[in-house]
Every structure is written in C-alpha cells, then in structure tokens.
Amino acid sequence: MEPEMEDKTLEQMNSTFMDSQTDERSKKSTVFKTITNGLMTGSRKRPSEGNYEKEKEVCIQLFDQWSEADQVEFVEHLISRMCHYQHGHINSYLKPMLQRDFITALPAQGLDHIAENILSFLDARSLCSAELVCKEWQRVISEGMLWKKLIERMVRTDPLWKGLSERHQWEKYLFKNRTTEVPPNSYYRSLYPKIIQDIEVSSAAAPLALSLTLLSLIFPVFPIH
C-alpha cells in the first residue's frame, strides 16, 4: 500500500473509531441525564437554588469522560451518601427499568424452547395463571404442549395417575413426540380437571371400600347347609 493511501486509511479508521466513541459517550450522557433529570423532577417540589444547574452540567460532562467501571463506582459512592428516603425514591425509579418479560423476549430471539422449559416447571394452578398473563405467554404454553407435559410428569411420578391413564385409556395420547398425530393442547387442558375429578371420586370411595372389607373380616358370612 502506498504511503498516501495508508495515511488516508488510518485517518478513516481513526475517524470511525472517534465517531463510535462519541456516539457511545452521547448515549451514556443521554441515559445519565435522563436518570438525573427524572430523579430530580420526581423529588424536587421547588425550583433549584444556587448554581445547581451549572454544577450539574459540569458533573455530567466529567461523568461522560469516565469508563463504565468508574461511572459505576462513582454512582455507588453517591448512593452510599444518600438517606433512606432518597434510596427509596431511586429504587422506585429504577424498578420499572429493571423489569423484563423474558418469556416474551426469548421467542423473539428464536429461543422458544427455553421459554417452554421454564414454564414446564409450573404446577396446574400456576400454569392457569400464566395463561392469563398475555397472549404471548398463552401461545408459548399452547405451542409447547405444556398441559400434556404436566400430565405426563404426573403419570411418571404418581402410581394413581398411572392407573387412571391405563383404565380410561388416555395413556395412548401421552408420551408422543410432535411428529406424530396428537390432540391439541386444549385437549390436555380440559383433560386435567377430569383426572382430578376421578382422583377425588376414587379417594372418596376408598374409605367405604375399606370399611366393607373390615366388616367382612369381623362378621364373616357362613354358608347355610
């Protein structure tokens, strides 16, 4: 490469780097100003006094020149010097900024399987509540067949569920992968309360059966010759 072209290339690279640094600092400045202005707007009941506005701008300019680690350390020092009321105000301001709907965000990144895996650990009551959060959560639960997975988990771990699945022959709809023809998620959602009802009926009938067994042992019936 010729010296002149090399110099021009280096100048362009340096210019690009400086522009990126300027953009990054501009973003940091905007965020910091938003936070400080938001905090002051929410906490101040009267106009600022003295040279606050000028001094604030000087602080922001210095803040923008520091590294992220230095900025964090500086903010930590500021927070440590504040009173409890100020801590509460900052917490109220930051709380909405820190909240993330990761169940909705994961599918947007092509990570549906992770969202499904997280929700698959819910019990029936929590799964019902999760369906009501928003349409995206409901979609993840439906497409992930999470009611089917919940029933399968119960059948694997509970002998009573296993026996009911064999007796009522809905076991044939379980433990099938998505490539085979299986009912929709709504089928398993409606099946779950029916299973609970069968369990309650069986539990209610068990004491009666036990009582009849005990009576037959205490008062045996002898055949008449």
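- The name given to the chain in an unreviewed UniProt entry is F-box domain-containing protein, with Oncorhynchus mykiss as the source organism.

Notes on the overall build of the chain
Moving on, step 1. Secondary structure assignment for the chain yields eleven helices and zero strands.
Moving on, step 2. Its helices and strands taken in sequence order, the chain reads α-α-α-α-α-α-α-α-α-α-α from the N to the C terminus.
Moving on, step 3. Burial analysis of the chain (225 residues in total) assigns 21% to the buried set.
Moving on, step 4. In the chain, of all internal contacts separated by at least 6 residues, the share reaching a separation of at least 24 is 57%.
Moving on, step 5. Approximately 17000 Å² of the chain is accessible, and the part contributed by carbon and sulfur atoms is 59%.

A short note on unusual backbone geometry
Moving on, step 1. The phi dihedral of M145 is positive, around 55°, even though this residue is not glycine.
Moving on, step 2. Structurally, the position occupied by M145 is in the loop between α8 (135-143) and α9 (146-157).
Moving on, step 3. On the basis of relative accessible area, M145 is assigned to the buried category, the value being 13%.

Some details on the nonpolar core
Across soluble globular proteins, nonpolar side chains have a tendency to be buried as a group.
Moving on, step 1. One finds W147, I151, W161, W170 and I195 to be the most contacted residues of the largest nonpolar core, which totals 25 residues.
Moving on, step 2. Of all the secondary structure elements, the ones that give two or more residues to this core are α5 (102-108), α6 (112-119), α7 (124-131), α8, α9, α10 (159-167) and α11 (185-218).
Moving on, step 3. Both domains that meet at this core, namely domain 2 (102-142) and domain 3 (145-204), each give it at least three residues.
Moving on, step 4. If near-sequence neighbours (up to four positions away) are discounted, I195 is found in contact with I151, W161, L164 and W170.

Details of the confidence of the model for the chain
Moving on, step 1. Summary statistics for the chain give a mean pLDDT of 76 and a share of 68% for residues scoring 70 or more.
Moving on, step 2. Element-level pLDDT for the chain is lowest in helix α1 (residues 3-43), with a mean of 49, against a maximum mean of 93 in helix α3 (residues 68-80).
Moving on, step 3. Within the model, pLDDT remains below 50 along residues 5-10, and this stretch shows two contacts once partners closer than five positions in the same chain are excluded.

The rules we used
- Counting restarts for each chain, with residues numbered from 1 along the sequence as it is written.
- Given that this is a predicted model, residues contribute local features only at a pLDDT of at least 70 and side-chain atom pairs are listed and counted only at 80 or more, while totals for whole chains, interfaces and linings are drawn from all residues.
- Side-chain measures were taken over the full set of non-hydrogen atoms in the model, leaving aside hydrogen atoms and water.
- The way it works is that DSSP assigns letters per residue, a run of H or I at least four long becomes a helix, a run of E at least two long becomes a strand, and they are numbered from the N terminus.
- Note on classification: 1.4 Å probe, protein chains only; a residue is buried when its accessible area is under 20% of the maximum for its type, exposed when over 50%, partly exposed between these limits.
- Whether two residues are in contact is decided by their heavy atoms: any pair within 4.5 Å suffices.
- Per-residue and other accessible areas were derived by the Shrake-Rupley procedure at a 1.4 Å probe size, with only the shown protein chains allowed to occlude residues.
- Grouping buried Ala, Val, Leu, Ile, Met, Phe, Trp, Tyr and Cys residues that are joined through side-chain atoms within 4.5 Å yields what is termed a nonpolar core.
- A domain assignment, automatic or from a database, supplies the domain bounds used here.
- Residue-level confidence of the predictor is what pLDDT reports, using numbers from 0 through 100.

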